[in-house]
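This is what each chain is made of:
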Amino acid sequence: MKFAHDFKQSLANQDFPAHWIERAIPYSQLKKCLKKVQRELQDLGLDQETIRALLSAEETAPVALQYKLRESGSKLVRPKLTVNVHLRDGVAVDASLTPASKAFLEKLANEILDETERTSLAQAQTKKVADRTPSDKSFGDREIADFDNYETIEVPLIFDSEFFDMLQKDVNELDVLQREEQSQLTSEITELSKSVSAVSRPSRFSKNDMARWRQIFEIYLDANVFFATQERDHGARNSQRAIKQLQWFQNEVEKRNLARDFKIRASQQAFSRFLQLNVSLLKNLQFQELNKLAVSKILKKFDKRTSLGIAKSFPKVIHSERLLAGGIAKDSVFLWPTVL
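Not measured: the values here are computed from a predicted model.

> Tell me about the environment of Met166, and name the residues and values.
Tracing the sequence through the fold places Met166 in helix H7 (residues 159–200). Along the primary structure Met166 and Cys33 are separated by 133 residues, whereas in three dimensions their C-alpha atoms are 9.3 Å apart. When near neighbours in sequence (up to four residues on either side) are disregarded, Met166 contacts Pro26, Gln29, Leu30 and Cys33.

> Tell me what's going on with unusual backbone geometry, and back it up with residues and numbers.
Even without being glycine, Asn224 reaches a positive phi, approximately 45 degrees. Mapped onto the secondary structure, Asn224 falls in the loop between helix H8 (210–223) and strand S5 (227–229). Look at Ser307: it is not a glycine, yet its phi comes out positive at around 65 degrees. Here Ser307 lies in the loop between helix H10 (265–306) and helix H11 (314–317).

> I'd like a description of empty space enclosed by the protein, backed by residues and values.
Inspection of the entire model under this criterion finds 1 cavity of 30 Å³ or more. When its volume is computed, the largest cavity comes out at roughly 40 Å³. If you go around the largest cavity, the residues you meet are Gln38, Leu41, Gln42, Leu46, Asp47, Gln48, Ile51, Arg305 and Thr306. Counting residues per element, the lining of the largest cavity draws most heavily on helix H3 (residues 27–43), which supplies 3 residues. Classifying every residue of the lining of the largest cavity gives 3 nonpolar, 4 polar and 2 charged.

> Run through the packing of aromatic side chains, naming residues and quoting values.
Counted under the stated rule, the structure contains 19 aromatic pairs. Plain terms: the ring middles of Phe16 and Phe287 are 5.2 Å apart, the flat faces sit at 65 degrees to each other, and that makes the pair edge-to-face. Separated by 271 residues along the polypeptide, Phe16 in the loop between helix H1 (2–13) and helix H2 (18–21) and Phe287 in helix H10 bring together distant segments of the chain. A connected cluster of aromatic rings, assembled from ring pairs, spans Trp213, Phe217, Tyr220, Phe249, Phe262, Phe271 and Phe274.

> Got a sec to walk through the packing of H1 against H10? Specific residues and values, please.
Where H1 meets H10, the closest approach of the two axes is 11 Å, and the angle between their N-to-C directions is 165 degrees. If you check the angle between H1 and H10, you find them roughly antiparallel. Where H1 crosses over H10, the two elements pack in a sense that is left-handed. Across from Phe3, Phe7, Ser10 and Leu11 in H1, the residues of H10 making contact are Phe287, Leu290, Asn291, Leu293, Ala294 and Lys297.

> Please provide a residue-by-residue account of the pattern of salt bridges, values included.
In this structure the tally under the stated criterion is 9 salt bridges. The salt bridge partner of Lys2 is Asp6, with a shortest N-O separation of 2.9 Å. Pair noted here: Lys2 and Asp6 are both in helix H1, with a separation of 4 residues, about one helical turn. Among the residues examined, Asp6 registers a relative accessible area of 30% and is labelled partly exposed. Salt-bridge contacts for Lys194 lead to Glu191; the nearest nitrogen and oxygen are separated by 3.5 Å. In this pair, Lys194 and Glu191 both sit in helix H7, 3 residues apart, roughly one turn of the helix. Counted as one network, the salt bridges with shared partners bring together Glu252, Lys255 and Arg256.

> Outline the nonpolar core, supporting the account with residue identities and numerical values.
One recurring pattern in soluble globular proteins is that nonpolar side chains are buried together. With 48 residues, the main nonpolar core has Phe163 and Phe164 as its most contacted residues. For this core, the elements supplying multiple residues, two or more each, are H1, H3, helix H4 (48–55), strand S1 (63–68), strand S2 (80–88), H7, H10 and H11. Of all hydrophobic cores here, the second largest spans 28 residues; its members include Trp213, Val225, Leu246 and Leu282.

> Requested: an account of the environment of Glu218, with residues and values cited.
Structurally, the position occupied by Glu218 is in helix H8. Judged by its relative accessible area of 52%, Glu218 falls in the exposed class. For the pair Glu218 and Phe249, spaced 31 residues apart in sequence, the C-alpha separation works out to 10.0 Å.

Cut-offs and rules
- Residues numbered from 1 in each chain as written.
- Predicted model: local features only at pLDDT ≥ 70, side-chain atom pairs only at ≥ 80, totals over all residues.
- Heavy atoms only, no water.
- Helix = DSSP H or I, 4+ residues; strand = E, 2+ residues; numbered from the N terminus.
- Contact = heavy atoms within 4.5 Å.
- 1 Å grid on protein atoms, 1.4 Å probe; cavity = no way out; pocket = protein on both sides within 12 Å on 5 of 7 lines; lining within 4 Å.
- Points joined across faces, edges and corners; volume = space filled by probe spheres on them.
- Nonpolar A, V, L, I, M, F, W, Y, C, P; charged D, E, K, R; others polar.
- Phe/Tyr/Trp six-rings, centres within 6.5 Å; stacked < 30°, edge-to-face > 60°.
- Axes fitted to C-alpha atoms, helices over the stretch in contact; angles between N-to-C directions.
- Parallel < 35°, antiparallel > 145°, perpendicular 65-115°, else oblique.
- Left-handed = near helix turned anticlockwise from the far one by under 90°.
- Salt bridge = Lys/Arg side-chain N within 4 Å of Asp/Glu carboxyl O.
- Buried < 20%, exposed > 50% of the residue type's maximum accessible area, 1.4 Å probe, protein only.
- Core = buried A, V, L, I, M, F, W, Y, C linked by side-chain atoms within 4.5 Å.

As structure tokens, then:
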């Protein structure tokens, strides 16, 4: 409950654009859907303890459960829960089964195995008896030999598909939003590069700010605001570190009076645009981090309530170009050389 409240407050208090907030991860809705998932599993006899025990069983065990988020080769998340059962005369063979597991398998046999499968089982047993030699047919004083059958049965679930459909749709919409923002920022960076080039162009008959802009960009590159390239400190920054580095950059520029001493007024305007672009990148990074955290939290809650263990596998199977795979700030940082 605490994260749901904090997430809502963070979206409201960080001055994100309204159209961003509308496309944020609907954490509260996902939580409500998760309750339905949990209830559906429990109604089938699949409580957390039972699921944990069956999922941990080896593939060769008499009973094993398998949960996949998508089929091989598919691009869409389509969860599928299957149970592999070794039946002997219609009864699961595994002395280690818990009472809850046995109850689930009995329910599965009665409700999920259709009449055709039960008929086939009976016919196979009858054939086994008919194929015996005359000396073996002592029906009055000996039991029919055990009939072994291996079944892989899909457990019919509704609400886990609803949960992942919602989550995949949300992530895809955020990816679209990130692409739109990336395109806009790219255009703004391109326009800024033209402005900086104009005020830095050397001329015999007019003043220019080339020397000051060179110093400003050297300081900016040293700041590594969004992405570090040093061997000891390599990779993308999180938003908290990016804020500190951006503040350091601004302090250094102010300390050296570089922005104050521009000779051309257009340079001051260009520098203000440069700072605003960095602020926009920072906002994008903060919004992305917040939504990634919401995805992580809801997946961990899914695992906690179901024991199905998908928190680590979901980012690998979901096709997310930006939200889960990389940041807009990281992509944009490589555009700065066009300005420099």
